[in-house]
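# Chains, contacts and geometry: an overview
Chain residues, written in single-letter form:
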Amino acid sequence: MRKEFRMKLSSTFGAIRPGSKPDNWRRIEGRQWWLSLTGVLVSLLLTLGIVSFVLPAFIPGLGEYSIDTSLAVHGLVGLVLLFDLYVIFQQVQLFRVRKQSAEREELFRLITENAADLIAVVDGSGNRLYNSPSYQKFLGYSPEELSRTTGFEQIHPDDRQKVLEAAAEARRSGVGRSVEYRIRHKDGRWVPLESTASVVRSSRGEVEKLVIVNRDITERKDLEKRLLLSHKLEAIGRLSGGVAHDFNNLLGVILGYCEELQKHIPPEDPYREAVDEIQNAGKRAASLTQQLLAFSRKQVLEPQVLELNSIVGEAEKMLGRLIGEDISLEIVPGLQIGTVKADRSQIERVILNLAVNARDAMPQGGKVTIETAEVELDETSHTLNRCSEPGPYVMLKVTDTGCGMDAELQSHIFEPFFTTKGQGTGLGLATVYGVVKQSGGYISVDSEPGKGTTFRIYLPRVSEAAGKIHELEPSGRTIPAHRTVLLVEDEQALRKLTRKMLLDMGLTVLEAKDGFQAIEIANQREAAIDLLLTDVIMPGMNGRALAETLSPQRPEMKVLYMSGYSDGVIAKHGIVEAGISILRKPFTRDELLQSVEDVAISVAG
């Protein structure tokens with residue numbers, strides 16, 4: 001389509017500009033020459049008639065060659081009438097030519113004044129011959145300002161060479177090629193353009209002018225950056241998710257044996273401090289692993305219907321202490337905003353991380369504003385990501401008056417371990433990104449150096465009412481005696497440790513390294529199996545498939561999953577099915593006891 005447009009434009013431009021002569025112009029010019037020659041011929045005939053009538057009267061010797069006066073007069077009158085008819089005919093033809101030229105001029109004006117693309121005509125040296133009005137609309141330059149510069153002066157220095165090469169190739173080969181470059185806006189910023197040149201040849205076939213069509217590709221470049229960032233984050237997420245899951249197994253062993261050592265090493269023992277430090281380091285590593293899982297969107301969520309206004313209001317006091325007295329905090333809750341379905345603790349973590357990020361951007365103090373609002377995103381919404389679904393959303397907006405970020409920095413802020421602070425893990429915004437994405441939402445950032453930063457989080461609005469928050473309290477009950485647990489874990493060290501913990505609880509433990517061995521043990525055992533404690537992700541057969549295989553044979557058996565994250569078998573699109581119990585790795589002895597106790601009590605009725 002763009003190629004046809006450029007061909008039509010070149011034809012139209014040539015038709016109304018004498019410097020180029022396409023077929024239409026040649027036909028018009030030929031018609032004008034024919035009219036002119038006809039006028040000359042009629043004038044010569046008329047002149048000859050007059051001469052033949054007048055000349056014998058002045059030269060006596062030519063009297064014998066004179067013609068009849070009355071006949072000459074009639075002939076002369078006829079020639080005059082013929083000339084009058086010709087003049088009328090010529091004026092009609094000239095009117096048609098002028099009308100046709102005016103129509104083409106109007107067509108050219110409509111095209112150039114209403115075209116979204118930037119259209120320019122330059123000569124072989126790059127001097128401007130014409131610039132469409134869209135130059136002033138998109139770049140801010142008036143025609144007078146453009147006339148004082150060449151076609152290459154506003155081009156970015158790094159791109160100027162390839163533009164010159166493309167222009168030289170077009171003049172040499174007669175065929176233009178597409179080239180992308182940056183051009184300076186009047187306000188100083190650089191605007192990316194895609195340009196294609198068409199050649200206008202002279203009557204001798206030489207390249208005389210270039211008709212250049214430029215298109216603003218800022219939006220396309222932004223989408224390409226978003227897509228590249230999305231692919232990059234997906235790749236890093238898959239890697240970090242896999243590493244985190246395996247690391248959780250190792251941390252489970254480290255923390256578990258630290259607990260065992262603490263039981264046998266009294267506090268006054270000189271080696272007790274070393275054990276405590278190992279445990280503390282393990283807990284910090286577990287927290288770091290949870291952030292990796294949040295970024296990779298593979299942590300286990302416990303979604304519930306929430307009111308963002310309530311969560312933000314409860315976090316206000318904590319945020320005030322966190323960001324410091326030199327930074328003012330303003331909460332602007334939206335009126336009658338809808339509810340969202342997300343993990344409460346993860347949304348609180350999002351607010352916390354964004355507040356900390358804002359604080360670090362304002363070392364000299366400033367202001368943080370947290371707003372909530374109900375928004376409707378459709379296909380025309382500026383903030384709607386191409387990968388997001390249009391519809392009703394609840395927006396959480398966090399704005400600071402800090403140092404801001406340039407475009408290059410913004411392209412990296414959601415990457416894990418990327419930080420400009422010189423301290424910290426660089427996982428704060430990566431965690432925010434992962435939580436929002438796993439909750440089915442969308443996050444955007446607007447920032448300029450020296451003008452602060454605004455994060456907008458859009459979470460899908462739901463029609464359900466928010467539920468009440470129930471505090472979990474210890475049941476105070478113990479596990480019924482003589483209960484049997486089938487333990488299935490492919491990590492040998494963790495399986496060994498978990499078996500010891502279960503035995504210490506007074507349970508009978510059957511252990512298997514994978515799902516196939518667990519099925520074989522279950523088939524050989526006639527007595528009841530009260531609880532299946534299985535890892536989710538294992539080689540050969542996953543935990544969900546194992547439970548679905550054994551449950552029909554043993555309907556009395558309850559199932560407790562353990563995993564660092566839930567894969568697609570347990571969690572679909574980040575939503576855990578109701579009624580499924582999951583013990584998160586790495587877990588402590590008390591957490592294992594609490595989870596098994598809850599399931600075992602339900603087994604006991």
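The following paragraphs examine the structure supplied in this document.

### Looking at the overall build of the chain
A count of helices and strands for the chain gives 16 helices and 19 strands. Taking all 605 residues of the chain together, 43% fall into the buried category. Intrachain contacts of the chain at a sequence separation of at least 6 include 68% that bridge at least 24 residues.

### Here's the deal with the pairing of strand 8 (residues 339–343)
Counting buried positions along strand 8 yields four of five residues, so the element is predominantly enclosed. Bridge count for strand 6 (residues 303–306) against strand 8 is four bridges, and the pairing is antiparallel. Directly across from Val305, in strand 8, lies its bridge partner Lys341. Inspection of the sheet shows strand 8 paired to strand 12 (residues 453–462) by two bridges, in the antiparallel sense. Following the sheet pairing, Val340 is matched in strand 12 by Arg461.

### A word on the sheet that holds strand 5 (residues 207–216)
Here five strands make up an open sheet; going across it, the order is 2-1-5-4-3 and the pairing antiparallel. Either end of the sheet is taken by a strand with one partner, and the two such strands are strand 2 (128–131) and strand 3 (179–184). Going across the sheet, the axis of each strand differs from the next one's by a mean of 30°, ignoring polarity. Both strand 3 and strand 4 (residues 190–201) contribute to a ladder of six bridges, which runs antiparallel. Within strand 4, the position partnered with Arg182 by the bridge is Pro192. Contacts from helix 6 (residues 157–173) reach strand 3, strand 4 and strand 5 within the one sheet, and its direction differs from that of strand 3 by about 130°.

Quick notes on the rules
Residues numbered from 1 in each chain as written. Predicted model: local features only at pLDDT ≥ 70, side-chain atom pairs only at ≥ 80, totals over all residues. Heavy atoms only, no water. Helix = DSSP H or I, 4+ residues; strand = E, 2+ residues; numbered from the N terminus. Buried < 20%, exposed > 50% of the residue type's maximum accessible area, 1.4 Å probe, protein only. Contact = heavy atoms within 4.5 Å. Pairing = 2+ DSSP bridges. Axes fitted to C-alpha atoms, helices over the stretch in contact; angles between N-to-C directions.

None of the figures reported here should be taken as evidence of function without further support.
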